[in-house]
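A closer look at the structure
Each chain, letter by letter, is given below.
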Amino acid sequence: MTDSTVLVVGAGSAIAQDLSTRLGDRGTRLVQWSRQEGFDAVVDVVADESLPDLPETLEGLVYFPGTIELAPFPRLDMGTFRRDWEINVGGLVRVLHHAIGSLQKSEAASVVGVSTVAAGHGLGFHASIAAAKAGVEGLMRTLAAEYAPRGVRFNCVAPSLTETPLASGLIDSDAKRKRMDDRHPLGRIGRPRDVAAAIDYLLSDDASWVTGQVLAVDSGYGICH
Ligand SMILES: NC(=O)c1ccc[n+]([C@@H]2O[C@H](COP(=O)([O-])OP(=O)(O)OC[C@H]3O[C@@H](n4cnc5c(N)ncnc54)[C@H](OP(=O)(O)O)[C@@H]3O)[C@@H](O)[C@H]2O)c1
């Protein structure tokens, strides 16, 4: 995506940082929002009353904010379900309401959301995050249909366990790490660049005939469980 501008929401994510390097190296202009300092704007898409102004035209938007709150169902209270929904779905809706005008001004725009393997496959202890991410997938599929005539594509990636700070509690000992690696058909959990490369593709012109899809980036986990 040269000569184009991409909004990266949740730019502090390890996957977002890999993606931003790829896009930046090719000359794509980035608008990076994060709750953390060091990006273009400090933004909390759930808590802030208003969102920063955007460029008139956007060729891409990637929404990274997400959570991993795993527990047996009785321990996942309504507060957890609400919080997971707000961050994963509510914030995405809010950003899209804000950005859709700029996306439509582009000749061809692409929006990518981040789901999880747990949204499409039954994994114990994932009830809250699976419900929220299934919402992300449903939203993106609907908008893909609604905006196809206006040239805006909407897709998701659905990663399995990926080595980022969000997932650190699941791989914080050698034994846990080995167990998680062994569960994946290709013999290892994901790296941020595995997921960033898939997002990069969905943003690119190479995917100009792809919309409304959920691309599994999961070492084959989803087809084997
Ligand atoms: N790592 C995995 O195993 C895995 C598996 C499946 C799906 N995912 C998804 O991948 C996406 C990126 O996460 P990551 O793995 O790259 O983890 P990460 O490096 O720890 O990044 C966490 C991301 O979530 C945002 N975030 C965290 N808590 C938030 C809150 N309370 N309110 C708003 N934003 C919050 C951060 O935004 P700031 O920039 O504002 O800090 C950042 O974009 C998430 O949607 C996650 O659900 C990850």
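Thresholds, definitions, all that
Each residue is numbered by its place in its chain's sequence as written, counting from 1. Per-residue local features of the predicted model are confined to residues with pLDDT of at least 70, and side-chain atom pairs are confined, for both listing and counting, to 80 or more; whole-chain, interface and lining totals are unaffected and use all residues. Only heavy atoms go into the side-chain values, all of them from the structure, while hydrogens and water stay out. Counting from the N terminus, the helices are DSSP H or I runs at least four residues long and the strands are E runs at least two residues long. How far a helix is expected to stretch is found by multiplying one less than its residue total by 1.5 Å. Exposure classes here rest on a 1.4 Å probe applied to the protein chains alone. A residue is buried below 20% of its type maximum, exposed above 50%, and partly exposed in between. Two residues qualify as a contact provided that any one of their heavy atoms is within 4.5 Å of a heavy atom in the partner residue. One speaks of a salt bridge when a side-chain nitrogen belonging to Lys or Arg is within 4 Å of a carboxyl oxygen belonging to Asp or Glu. Side-chain rings of Phe, Tyr and Trp (the six-membered ring for Trp) are treated as a pair once their centres are within 6.5 Å; stacked means planes under 30 degrees apart, edge-to-face means over 60, and tilted covers the remaining angles. Two strands make a pair as long as DSSP finds a minimum of two bridges between them. An axis is simply a line fitted to the C-alpha atoms; with a helix, the fit covers only the stretch in contact. Between two such axes, the angle follows the N-to-C directions and lies from 0 to 180 degrees. Orienting the strands away from the viewer, one traces the path from the first strand over the helix to the second; a clockwise path indicates a right-handed crossover. Residues enter patches when their relative accessible area tops 30% and they take part in no salt bridge; the joining distance is 9 Å for like charges and 5 Å for the nonpolar side chains Val, Leu, Ile, Met, Phe, Trp and Tyr. Residue-level accessible areas treat just the shown protein chains as cover; the underlying method is Shrake-Rupley with a 1.4 Å probe.

**Describing helix H6 (residues 192–203)**
Think of an α-helix as turning once every 3.6 residues; residues three or four places apart then point the same way. Helix length check: H6 (twelve residues) gives 17 Å between terminal C-alpha atoms against 16 Å at 1.5 Å per residue, within 8%. Along H6, the residues classified as buried are Pro192, Val195, Ala196, Ala198, Ile199, Asp200, Leu202 and Leu203. Of the surrounding elements, those touching the buried residues of H6 are strand S1 (5–9), helix H1 (14–25), strand S4 (60–63), strand S5 (109–114), strand S6 (152–159) and strand S7 (214–217).

**What to know about the pattern of salt bridges**
All told, the structure shown has ten salt bridges when counted by the stated rule. Its salt-bridge partner being Asp200, residue Arg26 comes within 2.7 Å of it at the nearest N-O pair. Of this pair, Arg26 sits in the loop between H1 and strand S2 (29–34) while Asp200 sits in helix H6, placing them 174 residues apart in sequence. Overall, Asp200 belongs to the buried group, its relative accessible area being 10%. Residues Asp194 and Arg191 are paired through a salt bridge, measuring 3.3 Å at the closest nitrogen-oxygen approach. For Asp194, a relative accessible area of 21% puts it in the partly exposed group.

**Some details on the packing of aromatic side chains**
For any pair of aromatic rings, the description rests on two quantities: the centre-to-centre distance and the angle between the ring planes. One pass over the structure, following the stated rule, counts two aromatic pairs. Ring plane angle 85° and centroid distance 6.3 Å describe the contact between Phe73 and Phe81, whose orientation is recorded as edge-to-face. Centre to centre, the rings of Tyr147 and Phe154 are 5.9 Å apart; their planes meet at 50°, and the pair counts as tilted.

**Regarding the environment of Leu19**
Structurally, Leu19 is set in helix H1. A relative accessible area of 0% places Leu19 in the buried class. Considered as a pair, Leu19 and Ile199 are 180 residues apart in the sequence and their alpha carbons are 7.6 Å apart. Beyond its immediate chain neighbours, meaning those up to four positions away, Leu19 contacts Val62, Phe64, Ala196, Ile199, Asp200 and Leu203.

**What about the sheet that holds S7?**
With parallel pairing, seven strands are arranged side by side in an open sheet as S3-S2-S1-S4-S5-S6-S7. In this open sheet, the two strands that pair with only one neighbour each are strand S3 (41–42) and S7. Across the sheet, helix H2 (residues 78–105) is in contact with S1, S2, S4, S5 and S6; its angle to S4 comes to roughly 175°.

**Things to note about the pairing of S1**
The buried fraction of S1 is high, at five of five residues. Burial along S1 is two-sided: Thr5, Leu7 and Val9 and Val6 and Val8, pointing in opposite directions, are all buried. Note on the crossover from S1 through H1 to S2: the handedness is right-handed. The pairing of S1 with S4 spans four bridges and is parallel.

**A word on a nonpolar patch on the surface**
Together, Ile68, Leu70, Phe125 and Leu166 give the surface a local cluster of nonpolar side chains, amounting to about 350 Å² of exposed area. Along the polypeptide, Phe125 turns up in the loop between helix H3 (117–120) and helix H4 (127–147). For Phe125, a relative accessible area of 51% gives the class exposed.

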